[in-house]
Amino acid sequence: MTGKLDALLLRATVRIGPDSATDTLWGSGFFVAPGWVLTCAHVLRPAGEPEKAGPLRVRGHNGLDARARLAYRLGGGTDPEQDLALVRVAGGGDHACVRLTDRHDAPLTVTAHGWRTPAGGAPQRWTGQTDCNGRDGAHGLTLAPQVEIPHGASGGPLFDVRRGVVVGVVKARRKEKDGGLAVAVTALRGFRAAVPVGAERGLGDDPYAALIRAHDTWHRQVEGPLSWVKAQVEAGGADGHPWSPRDSAEACALLAALPPPDSPAQLQGLVDEVLGDEMLWDDETAPQDWRDGHGRLHDRPESADIVALHYLRVVARMHAERVPDAASALEKWVEQRAARLSDAVRALLTGVAKQAPALHGAAACPAPAAAAAAVAPVRIAAPVHTATSASAARDEGPVVAVELEPDLFRPHDRFHWRIWAWTGGPETVRVVDQDTDGEGASLAELPYLLNEPLTRAFGRLDSDRRARLEIALPVEQFGVDAHLWRPSPVVRSLRPHPAERPFGVHRQVVLRCLKRRGEPSRIWRDRWHALAAGVPQALPVASDAYAATAFHDAPPGAVPVLCRPPAETTAALAQAIGEGFGVILWNLRAEHAHGCGSACGELHGRASELLGSAHRTTALPERVRVLRERVSQADADADWAEHLALFYDDPGRPIPLCDDLLESP
């Protein structure tokens, strides 16, 4: 693609330097939304960290000469995903914005654009054509040695010649070699956690969502010579594809009017359902926003329009109650675009019952499977929350469970781990990470080893409701204080962010029994259903000797409360689990050198009040979390719960029994 798209690239690409030196070229950049220039963070580091760059000057086409400043940056390292920055331009005037790809796959033929300074001369424009011949990490694109990236071109756009969109940011040349490296557009998703510089808050709490929404809205609204979409269409950007650049631009702009997904996991599950296949999502490049989900639908070129329209319709129905105007606009556009399909397919997409599901409610009515198979190789499916799992998802929310299997040869000292996740009912369970070290790890090492995998898992599942953390391990290890683990074991500030406090303060943390993997037993289910049917009742258990009689005579809705620590009541805990109890409370630190005392009486009394006020079993994990938060805030009335542990083993979401047990070779 050439002609108008080349001209638009020229108008959108700028050079960046210090405000105090007119012809000093630090690097290049390009407009991605009105007033926002994307570049590489290292471009702004001629004298150290980006924040020290001071006022900037952005210059470009048609006399563009504007003051600017660094607004957001990613990370602080040199990896591709960390080497991005957003520059805010003051009074940039009437400039063009590039159109960013929403795809995740690598391009083939590309052109790189930017600025360079010839020896002894003023800065001038530069472009070069090459091939993208590989990847470097999750977001790095390697460029073939058909072109030499000059100094000053870093930060410029990398353009996909065949599709007519910008797919990356030129990063660097390779030392002593031709070719270079670029950062894929997928790395922009990292701006969800971008570091704002100074008092910058222009893109709100989710800079990525705000930036990409401004980008998509601009490309739908702009007309005339600056219209990138019009230039794409004129240059043959559809390339025989049933889903044209204009379709894509209009769909993305309509999606931009909707609130972001509750969590990346919700979006990924929805894409799985629409495609009729379970995608193997990569953590770094998995979709984060509705636009990203739209970009994952291009893998079926023969029916891309059908897949995309079905996806858009499902998303519209999910938002019908929450944002009715935006959802209605998207649904009307789907109906208009569907008019270009055959009668049978259009009926399949538009003939669904008019009742719209709530975002967390019942599923939309699926189209008949037989008819879908007859007209297209796509499964027309319901949204991700099915009727059977919707109530569980509402009550419980998402769950992350860490399964700790004792090492075969050192069962008391070393453990192997696997992380499971549920977004809804039992059918949504997925393995998201697992141990690859045959040596295993000690309980003391686990908070450090699990920091990164848990951060990734929570990043996919957390929304306004944080995912619960569940630890499944042997009864003999029930003395573990998992609620005191931190997202980062090392606090990075004297005033840590609330999310850096112990897990038990800001998210629900419960224990589960490792032996209960697989299909739940009947007695376990029966006791759980009895709990759900009534108000939980405290069953005080003072010692192992008392446990057998207490458990045998316990009413259906009983919850054992043990005042002794697990080291002294392992047998009682094991017996309670064997008797099918799904909820148990105990004290992790109780002192019993001289038998039970007043603290035991207070524990039993307060636990009885806690259970009686819960009204339903599903409320208990959050009630315990609130108590832990009150303890962290020095609320003396909650001190009794400082060492309170909760066993909460839901048979509705059992830990699956895998064939490949977690043990060393």
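Preceding this section is the structure that the text describes.
Residues numbered from 1 in each chain as written. Predicted model: local features only at pLDDT ≥ 70, side-chain atom pairs only at ≥ 80, totals over all residues. Heavy atoms only, no water.

### Brief notes about the overall build of the chain
Thinking step 1. Looking only at helices and strands, one finds 19 helices and 22 strands in the chain.
Thinking step 2. By the burial criterion, 57% of the 665 residues in the chain qualify as buried.
Thinking step 3. For the chain, the proportion of contacts with a sequence separation of at least 24, taken over those separated by at least 6, is 67%.
Thinking step 4. Here the chain has roughly 27700 Å² of accessible surface; of this, 51% comes from carbon and sulfur atoms. (Helix = DSSP H or I, 4+ residues; strand = E, 2+ residues; numbered from the N terminus. Buried < 20%, exposed > 50% of the residue type's maximum accessible area, 1.4 Å probe, protein only. Contact = heavy atoms within 4.5 Å. Areas by Shrake-Rupley, 256 points an atom, 1.4 Å probe, with all protein chains shown as cover.)

### Overview of the pattern of salt bridges
Pairs can form between side chains of opposite charge whenever their charged atoms are close.
Thinking step 1. By the definition in use, this model includes 43 salt bridges.
Thinking step 2. Note that K171 and D83 form a salt bridge whose closest N and O atoms lie 2.7 Å from each other. With a gap of 88 residues between them, K171 in strand β11 (residues 165-173) and D83 in the loop between β5 (65-73) and β6 (85-89) connect regions that are remote in the sequence. Accessibility classification places K171 together with D83 in one group, the buried group.
Thinking step 3. Within the structure, one salt-bridge network assembled from shared partners comprises D19, R57, R59, D65 and R67. (Salt bridge = Lys/Arg side-chain N within 4 Å of Asp/Glu carboxyl O.)

### A look at the pairing of strand β21 (residues 583-587)
Thinking step 1. For β21, a buried count of five out of five residues is recorded, marking the element as mostly surrounded by other parts of the structure.
Thinking step 2. The alternating pattern of β21 places V583, L585 and N587 on one face and I584 and W586 on the opposite face, and all of these are buried.
Thinking step 3. Inspection of the sheet shows strand β20 (residues 558-562) paired to β21 by two bridges, in the parallel sense. Its bridge partner lying in β21, V561 is registered against L585.
Thinking step 4. In the classification by handedness, the crossover that spans β20, the intervening helix α17 (residues 570-578) and the parallel β21 is right-handed. (Pairing = 2+ DSSP bridges. Right-handed = clockwise from strand over helix to strand, strands pointing away.)

### A word on helix α16 (residues 544-552)
Residues separated by three or four positions in an α-helix point in the same direction, a consequence of the helix having 3.6 residues per turn.
Thinking step 1. When α16 is considered as a whole, its buried residues turn out to be A547, A550 and F551. For α16, the arc enclosing every buried residue in end-on projection is 90°, short of the 170-degree limit, so these residues lie on one face. Of the residues in α16, the exposed ones pointing more than 90 degrees away from the buried face are A545 and H552.
Thinking step 2. Tucked inside the fold, the buried residues of α16 contact α15 (522-533), β19 (537-541), β20 and α17. (Arc of directions from axis to C-beta.)

### Some words on the sheet that holds strand β8 (residues 124-136)
Thinking step 1. With antiparallel pairing, six strands are arranged side by side around a closed barrel as β7-β8-β9-β12-β11-β10. On average, adjacent strands in this sheet sit at an angle of 45° to one another, irrespective of strand direction.
Thinking step 2. As judged from the four bridges shared by strand β9 (residues 140-143) and strand β12 (residues 180-184), these two strands associate in the antiparallel manner. Its bridge partner lying in β12, T142 is registered against L181.
Thinking step 3. On the sheet, helix α1 (residues 4-12) packs against β7 (109-116), β8, β10 (157-160) and β11 and is oriented at approximately 165° with respect to β10. (Axes fitted to C-alpha atoms, helices over the stretch in contact; angles between N-to-C directions.)

### Considerations on the packing of aromatic side chains
Thinking step 1. Counting across every chain of the model gives eight aromatic pairs.
Thinking step 2. Relative to W228, the ring of F159 lies with its centre 6.3 Å away and its plane at 65°, an arrangement referred to as edge-to-face. Within this pair, whereas F159 is found in strand β10, its partner W228 is found in helix α3 (residues 228-234), the two being separated by 69 residues in sequence.
Thinking step 3. Taking the relative accessible area as the measure of exposure, F159 reaches 1% and is therefore buried.
Thinking step 4. Residue class for W228 comes out buried when judged on its relative accessible area of 0%.
Thinking step 5. Ring plane angle 35° and centroid distance 5.7 Å describe the contact between F478 and F647, whose orientation is recorded as tilted. Placement of F478 in the loop between β17 (468-473) and α14 (503-506) and of F647 in strand β22 (residues 644-648) is noted, with a sequence separation of 169 residues between them.
Thinking step 6. When its relative accessible area of 0% is taken as the criterion, F478 is described as buried.
Thinking step 7. Here F647 falls in the buried class, since its relative accessible area comes to 0%.
Thinking step 8. It is R15 that lies over the ring of W115; its NZ or CZ is 5.3 Å from the centre.
Thinking step 9. Lying over the aromatic face of F458, R507 brings its terminal NZ or CZ to 3.6 Å of the ring centre. (Phe/Tyr/Trp six-rings, centres within 6.5 Å; stacked < 30°, edge-to-face > 60°. Lys NZ or Arg CZ within 6 Å of the ring centre and 35° of its normal.)

### Some words on the environment of D325
Thinking step 1. With respect to the helices and strands, the residue D325 is situated in helix α8 (residues 324-338).
Thinking step 2. Relative accessible area serves as the criterion here: at 68%, D325 is assigned to the exposed category.

### Re the packing of helix α7 (residues 304-318) against α8
Thinking step 1. Where α7 meets α8, the axes come as close as 9 Å, and the angle between the chain directions of the two elements is 155°. Put simply, α7 runs roughly antiparallel to α8. Viewed along their axes, α7 and α8 form a crossing whose handedness is left-handed. Residues D305, L309, L312, R313, A316 and R317 of α7 form the contact with α8, whose participating residues are A327, L330, E331, W333, V334, E335, R337 and A338.
Thinking step 2. Here the residues of the contact of α7 with α8 sort into eight nonpolar, no polar and six charged. (Parallel < 35°, antiparallel > 145°, perpendicular 65-115°, else oblique. Left-handed = near helix turned anticlockwise from the far one by under 90°. Nonpolar A, V, L, I, M, F, W, Y, C, P; charged D, E, K, R; others polar.)

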